[in-house]
Amino acid sequence: MAVVFCLLLPFFALGAKSVVAADAPPLVLGVFPRLHASETTTRYGPMAEYLSERLGRKVVLVASRDFDAFWVGVEQARFDIVLYNQFHYIRSSNTYQVIAHNKEFGKSTLAGALYVRKDSNITSVGQLRGRTVLFGGGEDAMIGYIAPMYLLMKAGLTRSDINARFAVNPLNSVIGVHRKQADAAGSGDGAVEQPALQKVVNVDELTVLAVSDQLLHLPWAVRRTMAPGLRERIQSVLIDLDAGERGRQVLKAAVLTGIGKAEDKDYNPHRKMVRAVIGSQQIKP
């Protein structure tokens, strides 16, 4: 698997228990590549370093170069701790157990949305029949494809009723619609609020056609074979990040506003959408 290994700063001994833990092999933290590997390392390197310090055990960050490489790591359970999208978790929940979720821009949830240009004269999802819809990411993108496709299906449309195309990421899909490269964009409900998008296009020329139910944000999971005590310590470190200045700096580096608790049932609404859009074969019991 082509990956970038980022060996982080040495951890510090935190007492007798930490010294014992230090003899254990490093824990591997895998972060899915929604960013370039170098940006992933910049954002999550401090997180791995902080976990190392708090756990008294080295944590090695793995920033995969692409999704194929990342998914091989998930399927082969190479990661002890992993941050990925909701669909990734659903697919791997036999091997991984969710313990927490991201909070981004002050929110624990996000939704899929369909955007159109205000001058498009498109006012209902049903009018997208025969039109081009540009989704943000591939068919495994929970917010950029699965949730928007679910909105289309609720309006009576199937994949064959539209011309489906894919942008690199959810923001690019909205940019594509603004530039009239497609009739509608599948993206997140907060896309037009993103400064990165506002720098590129006039978001006042766009409107939301439909929004899905709110879904719990990106999950953090650990291998199910992990000892319960270690799993609980990792969960505690993550959800307490905003309790101190050092932890808040780690969150800021990761462009997060916090990390909250999560459990498997929190992702049942996501499973409902995946079953409808992709099929039950992708759902682990």
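Residues numbered from 1 in each chain as written. Predicted model: local features only at pLDDT ≥ 70, side-chain atom pairs only at ≥ 80, totals over all residues. Heavy atoms only, no water.

1. Considering the packing of helix α2 (residues 37-55) against helix α8 (residues 228-239)
Phase 1 of the analysis: Relative to each other, α2 and α8 sit at 125°, their axes nearing to 10 Å. Compared by their axis directions, α2 and α8 come out oblique. The two elements α2 and α8 meet at a crossing, and its hand is right-handed. Residue-level contacts link M47, Y50, L51, R54 and L55 of α2 to L230, R233, I234, V237 and L238 of α8.
Phase 2 of the analysis: By residue class, the composition of the contact of α2 with α8 is eight nonpolar, no polar and two charged. (Axes fitted to C-alpha atoms, helices over the stretch in contact; angles between N-to-C directions. Helix = DSSP H or I, 4+ residues; strand = E, 2+ residues; numbered from the N terminus. Parallel < 35°, antiparallel > 145°, perpendicular 65-115°, else oblique. Left-handed = near helix turned anticlockwise from the far one by under 90°. Contact = heavy atoms within 4.5 Å. Nonpolar A, V, L, I, M, F, W, Y, C, P; charged D, E, K, R; others polar.)

2. A word on the pairing of strand β8 (residues 132-136)
Phase 1 of the analysis: Counting buried residues in β8 gives five out of five residues, a clear majority hidden from the surface.
Phase 2 of the analysis: Here β8 pairs with strand β9 (residues 163-167) via five bridges, running parallel. Of the residues in β9, the one forming a bridge with L134 is R165.
Phase 3 of the analysis: In the classification by handedness, the crossover that spans β8, the intervening helix α5 (residues 142-154) and the parallel β9 is right-handed. (Buried < 20%, exposed > 50% of the residue type's maximum accessible area, 1.4 Å probe, protein only. Pairing = 2+ DSSP bridges. Right-handed = clockwise from strand over helix to strand, strands pointing away.)

3. So, the pattern of salt bridges
Phase 1 of the analysis: Evaluation of the coordinates by the stated rule reveals 13 salt bridges.
Phase 2 of the analysis: Taking the shortest distance from any N to any O, the salt bridge between R43 and E39 comes out at 3.0 Å. Remark: E39 and R43 occur in helix α2; sequence separation between them is four residues, near one turn of the helix.
Phase 3 of the analysis: A salt bridge links R223 to D80, with the nearest nitrogen and oxygen atoms 2.5 Å apart. Remark: D80 occurs in the loop between α3 (67-75) and β4 (81-83) and R223 occurs in strand β13 (residues 219-223); sequence separation between them is 143 residues.
Phase 4 of the analysis: Given a relative accessible area of 8%, D80 falls into the buried group. (Salt bridge = Lys/Arg side-chain N within 4 Å of Asp/Glu carboxyl O.)

4. Thoughts on the confidence of the model for the chain
Detailed reading of the predicted coordinates is not advisable wherever pLDDT is low.
Phase 1 of the analysis: Per-residue pLDDT for the chain has a mean of 90; in total, 91% of the residues score no lower than 70.
Phase 2 of the analysis: Between residues 1-20, whose pLDDT stays under 50, and residues either more than four places distant or in other chains, the model counts 42 contacts. (pLDDT = per-residue confidence, 0-100.)

5. Here we look at the packing of aromatic side chains
Phase 1 of the analysis: Within this structure, the stated rule accounts for 10 aromatic pairs.
Phase 2 of the analysis: Summarising the aromatic geometry, the rings of F135 and Y145 are spaced 4.9 Å apart at their centres and angled 80° between planes, so their arrangement reads as edge-to-face. A residue pair is termed long-range when its members are at least 10 positions apart, and F135 in strand β8 and Y145 in helix α5 qualify at 10 residues. With respect to class, F135 is no different from Y145; both count as buried. (Phe/Tyr/Trp six-rings, centres within 6.5 Å; stacked < 30°, edge-to-face > 60°.)

6. Comments concerning the packing of α2 against helix α9 (residues 245-253)
Phase 1 of the analysis: Packing of α2 against α9 leaves a shortest axis separation of 7 Å and a crossing angle of 150°. For the element pair α2 / α9, the angle class is roughly antiparallel. In terms of crossing hand, the pair formed by α2 and α9 is left-handed. Where α2 abuts α9, its residues R43, P46, M47, E49, Y50 and E53 lie against R246, G247, V250 and A253.
Phase 2 of the analysis: In terms of residue class, the contact of α2 with α9 is built from five nonpolar, one polar and four charged.

7. Some words on α2
Phase 1 of the analysis: The largest bend in α2 is about 45°, located at Y44, with the proline P46 one to four residues further on.
Phase 2 of the analysis: Where α2 terminates, the next one or two residues include G56, which has phi positive at roughly 65°. (Bend = angle between axes of the 7 residues up to and from the residue.)

8. Looking at unusual backbone geometry
With the exception of glycine, most residues fall at negative phi, and the peptide bonds are largely trans.
Phase 1 of the analysis: Non-glycine residue K180 carries a positive phi angle of around 65°.
Phase 2 of the analysis: The topology assignment puts K180 in the loop between α6 (170-178) and β10 (184-188).
Phase 3 of the analysis: In this structure, V255 takes a positive phi of about 55° despite not being glycine.
Phase 4 of the analysis: Inspection of the secondary structure assignment puts V255 in the loop between α9 and β14 (258-261).

9. Details of the sheet that holds β8
Phase 1 of the analysis: In space, the five strands of this open sheet follow the order β9-β8-β10-β7-β11, with mixed pairing throughout. Edge positions in the open sheet fall to β9 and β11 (206-211), since each of these has one partner strand only. Neighbour to neighbour, the strand axes of the sheet diverge by 30° on average, direction disregarded.
Phase 2 of the analysis: Along the sheet, α5 makes contact with β7 (112-117), β8, β9, β10 and β11, crossing β7 at roughly 80°.

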